[in-house]
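Residue-level structure breakdown
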Amino acid sequence: MTELRRTPLYDLHIELGARMVPYAGWEMPVQYPLGVLGEHQHTRAAAGLFDVSHMGQLILRGPGVVDALERLVPADIAGLAPGRQRYGLFTNERGGIIDDLMIANKGDHLLLVVNAACADKDIAHLAAHGLHPEVVGDRALLALQGPAAESALASLVGGVAEMRFMDVADLEWDGARLWVSRSGYTGEDGFEISLREDRAADFARALLALDEVAPVGLGARDSLRLEAGLPLYGNDMGEDVTPAQAGIGFAIPKARRAGGARAGGFPGADVILPELGAAGRSRRGVMPEGRAPIREGVAIFAQAEGGEPLGHVTSGGFGPSVGGPVAMATLPCEIADGATLYAELRGKRQQLRVVPMPFVKTTYKR
Amino acid sequence: MLKYTEDHEWLRADGDEIVVGITPHASEQLGDVVFIELPEVGREVEAGEEIVVIESVKAASDIVAPIAGVITAVNEALADAPGDVNEDALAAWFFRIKPAEGVTLDGFLDDAAYQALVG
């Protein structure tokens, strides 16, 4: 086994009493002394600070990169204005998903943020198609999320309040250049901030010195994104799951769909496009009755006993803000919201209800 | 006097019954507990049999019967307030068990031995 990598905030995590776990090749904080429930609630009530430095930050620059990236990602990158960011997918020839990512137009270059576990294959995939990104190796990435995120960040950094959801801007803190985006993975308003690794701990400390900011680990990051209905690569999508099946058809804009200005022209388009709005199955929200969480892999049936599984849970757990278990499952599209189904848990069938997502109201500042 | 198992349960003799819970160390390792499924009262169990499901925000785990016997009572309040385990693991008992003929608590860990185990 190769040695785990540490983020520039490793020492700070230890000092804060974090429990560290291996995650995607990195040693990351899963929780701090406040605990997963407390960190989750704090993020929904005030502001949570997350270390997401494990994620890959890639820069593409030079003539033709926009067109070249559009040949790999079914997004409208040509129409992405400077100072704006979009969600996108790397697709494969089978119509599956290689990774999901954020793409920001930084004026003279594109900044891509990719999943830690996928960074190496993404870079290889780009290279195989003639794109050679600069891998940003000397910057930490922090996320500040929650209703107090704006006021907290604005107390240290100018130009924050003016940003809208999915805006990106270069701002400054104590002489350090911050790459800021108004986005996140919790369903809350918030920001993601990239800065040089040698300033990252100081910046994190400045944020944590504010009453409304508490450190939050990967445990609460997962329960927050789950409640917000946001899919996780590797659970809710993967190389054998199409965008429609993963319930993220929204990532593919009109311009790239059949009849659009730049329809198709990306790997797997022949599979992906006809399926949009016509997939056999999709990612759905389910709420189990009772308190028992249903987790990844749990089979779902139409009946209280017997029969073949209709699908399975792709992500699930306890939703602290919901106050009960919530899950995402891959299910046939003909099953209506409100339908009653059954999860098989420890040999017993447990009733659940199919519900629209998100499970909590999102508060993005659009 | 509490006794402990290597599975991080505490055992307390009370009359001719044994009260069972999990240790503060176990509750800390589990993280916030969100669901507990208790055995049925009257169930006859073998030592090592998985009889409680405990789910934290992180994962599901099982609690085994530390000894053979019959379940005489369960702490129903835990089903509605599983977080009590994190609040005070030594107060949050899970079940009472009447030991089968000839079963004793000899051989379980005493406090010093358990503390040495979790170090």
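Remember, it's a predicted structure, so these values are computed and weren't measured experimentally.

1. Looking at helix H4 (residues 111–118) of chain B
- With 0 of 8 residues buried, H4(B) is to be regarded as a mostly surface element.
- Phi turns positive, to about 40°, at Gly119(B), one or two residues after H4(B).

2. Quick word on the interface of chain B and chain A
- Listed per partner, the contact involves 9 residues of chain B and 12 residues of chain A.
- Taken together, the elements giving at least two residues each to the side of chain B that touches chain A come down to strand S4 (33–37) and strand S6 (50–56) of chain B.
- Broken down by element, the side of chain B that touches chain A gets its largest block of residues, 3 residues, from S4(B).
- Tallied by class, the residues present in the side of chain B that touches chain A amount to 4 nonpolar, 1 polar and 4 charged.

3. Considerations on the pairing of strand S3 (residues 17–22) of chain B
Residues and elements named next belong to chain B.
- As judged from the 6 bridges shared by strand S2 (residues 9–14) and S3, these two strands associate in the antiparallel manner. Its bridge partner being in S3, Glu9 is matched across the sheet by Ile22.
- Turn length for the S2-S3 hairpin, with the two strands adjacent in sequence and antiparallel, is 2 residues, and the turn residue Gly15 shows positive phi of about 65°.
- With 3 bridges connecting them, S3 and strand S9 (residues 95–99) associate as antiparallel partners. Note on S9: the bridge partner recorded for Val19 is Arg96.

4. So, the domain arrangement of chain A
Residues and elements named next belong to chain A.
- You can read the domains of chain A as domain 1 (5–56 + 137–227) and domain 2 (280–366).
- For domain 1 and domain 2, the distance between their C-alpha centroids amounts to 30 Å.
- Contact with domain 1, which involves 15 residues of that partner, is made by 16 residues of domain 2.
- Listed by contribution, the elements that provide at least two residues to the side of domain 1 that touches domain 2 are helix H2 (36–45) and helix H7 (218–227).
- Tallied by class, the residues present in the side of domain 1 that touches domain 2 amount to 4 nonpolar, 4 polar and 7 charged.

5. Points about the packing of H2(A) against H7(A)
Residues and elements named next belong to chain A.
- Taken N-terminus to C-terminus, the directions of H2 and H7 make an angle of 55°; their axes are 8 Å apart at the nearest point. Classified by the angle their axes make, H2 and H7 are oblique. Classified by chirality, the crossing of H7 by H2 is right-handed. Across the interface between the two elements, Val36, Glu39, His40 and Thr43 from H2 touch Gly219, Ala220, Ser223 and Leu224 from H7.
- When grouped by side-chain class, the residues that make up the contact of H2 with H7 number 3 nonpolar, 4 polar and 1 charged.

6. Quick look at the UniProt feature "domain: Lipoyl-binding" (unreviewed entry) in chain B
- In the numbering adopted here, UniProt assigns the feature "domain: Lipoyl-binding" (unreviewed entry) to residues 17–98 of chain B.
- Secondary structure within residues 17–98 of chain B divides into 18% helix and 43% strand; the distance between the first and last C-alpha atoms comes to 5 Å.

7. Observations concerning the UniProt feature "binding site: substrate" (unreviewed entry) in chain A
All names here are of chain A.
- The feature "binding site: substrate" (unreviewed entry), as given by UniProt, occupies Glu192 in the numbering adopted here.
- Of note, Glu192 is situated in strand S13 (residues 190–196).
- Dropping the residues within four chain positions of it, Glu192 is found in contact with Leu141, Ala143, Ser181, Ser183 and Gly184.

8. Observations regarding the UniProt feature "domain: GCVT N-terminal" (unreviewed entry) in chain A
- UniProt feature "domain: GCVT N-terminal" (unreviewed entry): in the numbering of this structure it lies at residues 9–253 of chain A.
- In residues 9–253 of chain A, helix accounts for 24% and strand for 30%; the two terminal C-alpha atoms are 37 Å from one another.

9. Considerations on the sheet that holds strand S18 (residues 324–332) of chain A
All names here are of chain A.
- Overall, antiparallel pairing links the 6 strands, which are arranged S15-S18-S17-S16-S19-S20 in a closed barrel. Recorded for the sheet is a direction-independent mean angle of 45° between the axes of neighbouring strands.
- Looking at chain direction, strand S19 (residues 340–345) and strand S20 (residues 348–355) are connected through 6 bridges and run antiparallel. Each bridged residue has a counterpart across the sheet, and for Leu345 the counterpart in S20 is Lys348.
- Sheet strands touched by H7: strand S17 (311–319) and S18. Its angle to S17, the strand with the most contacts, is close to 115°.

10. Considering the sheet that holds strand S12 (residues 176–181) of chain A
All names here are of chain A.
- An order of S11-S12-S13-S10-S4-S14 is seen for the 6 strands of this open sheet, with the pairing classed as mixed. The open sheet has two edge strands, strand S11 (168–173) and strand S14 (213–215), and neither has a second partner. Here the strands of the sheet are splayed against their neighbours by 30° on average, with no regard to which way each runs.

11. Some thoughts on the nonpolar core
Residue and element names in this part refer to chain A.
- By size, the foremost hydrophobic cluster in this structure holds 116 residues, and its most contacted members are Leu49, Leu112, Leu142 and Leu144.
- Each of domain 1 (5–56 + 137–227) and domain 2 (280–366) contributes no fewer than three residues to this core.
- Those residues in contact with Leu49 that sit more than four places away from it in its chain are Leu142, Leu144, Ala204, Leu207, Leu208, Val213, Ala214, Pro215 and Val216.

12. Describing the UniProt feature "modified residue: N6-lipoyllysine" (unreviewed entry) in chain B
- Those residues carrying the UniProt feature "modified residue: N6-lipoyllysine" (unreviewed entry) are Lys58(B) in this numbering.
- When residues no more than four places from it in sequence are discounted, the contact partners of Lys58(B) are Gly219(A) and Gly31(B).

13. Examining the pairing of S9(B)
- As judged from the 5 bridges shared by strand S8 (residues 69–74) of chain B and S9(B), these two strands associate in the antiparallel manner. Bridge pairing in S9(B) links Ala73(B) to Arg96(B).

14. Quick word on helix H6 (residues 197–208) of chain A
Residues and elements named next belong to chain A.
- Its 12 residues give H6 an end-to-end C-alpha distance of 17 Å, which sits within 8% of 16 Å, the value for a rise of 1.5 Å per residue.
- Among all positions in H6, only Ala200, Phe203, Ala204 and Leu207 are buried. End-on view of H6: buried residues confined to an arc of 105°, all on one side of the axis.

15. Examining unusual backbone geometry
Residues and elements named next belong to chain A.
- In this model, Met357 is joined to Pro358 through a cis peptide bond whose omega is 0°.
- Here Pro358 is to be found in the segment after S20.
- Phi is positive for Met166, close to 75°, though the residue is something other than glycine.
- Tracing the backbone shows Met166 in the loop between helix H5 (149–154) and S11.
- Backbone geometry places Arg346, a non-glycine residue, at a positive phi of 50°.
- On the basis of neighbour count, Arg346 is assigned to the exposed category, with 12 C-beta atoms found within 10 Å.

What counts, and where the lines are drawn
- Residue positions are given per chain, counting from 1 as you read along its sequence in written order.
- Numbering of ligands from 1 and lettering of chains from A proceed in the order in which they are written.
- Given that the model is predicted, a residue must reach a pLDDT of at least 70 before its local features are reported, and side-chain atom pairs must reach 80 or more before they are shown or counted; all residues, however, enter totals for whole chains, interfaces and linings.
- Exposed residues have 12 or fewer other C-beta atoms within 10 Å of their own C-beta, buried residues have 20 or more, and residues in between are partly exposed; the C-beta atoms are placed from the backbone.
- Numbering goes from the N terminus for both helices and strands, where a helix is a DSSP run of H or I of at least four residues and a strand is a run of E of at least two.
- Residues are scored as being in contact if the C-beta atoms we place from backbone atoms lie within 7 Å.
- Charged means Asp, Glu, Lys or Arg here, nonpolar means Ala, Val, Leu, Ile, Met, Phe, Trp, Tyr, Cys or Pro, and polar covers whatever is left, Gly included.
- In short, DSSP must find at least two bridges between two strands for them to pair.
- An automatic or database domain assignment supplies the residue ranges for each domain.
- Note on geometry: axes are C-alpha line fits, over the in-contact stretch for helices, and angles between N-to-C directions span 0 to 180 degrees.
- Oblique is the label for every angle not falling under 35 degrees (roughly parallel), over 145 degrees (roughly antiparallel), or within 65 to 115 degrees (roughly perpendicular).
- Should the near helix be turned anticlockwise from the far one by less than a right angle, the crossing is termed left-handed; should it be turned clockwise, right-handed.
- UniProt positions are given in the numbering used here, feature names are shortened, and annotations may be inferred rather than shown by experiment.
- Put simply, a nonpolar core is a cluster of buried Ala, Val, Leu, Ile, Met, Phe, Trp, Tyr and Cys residues tied together by C-beta atoms within 7 Å.
- One fewer than the residue count of a helix, multiplied by 1.5 Å, yields its expected span.
- The directions from the helix axis to the C-beta atoms form the arc being described.

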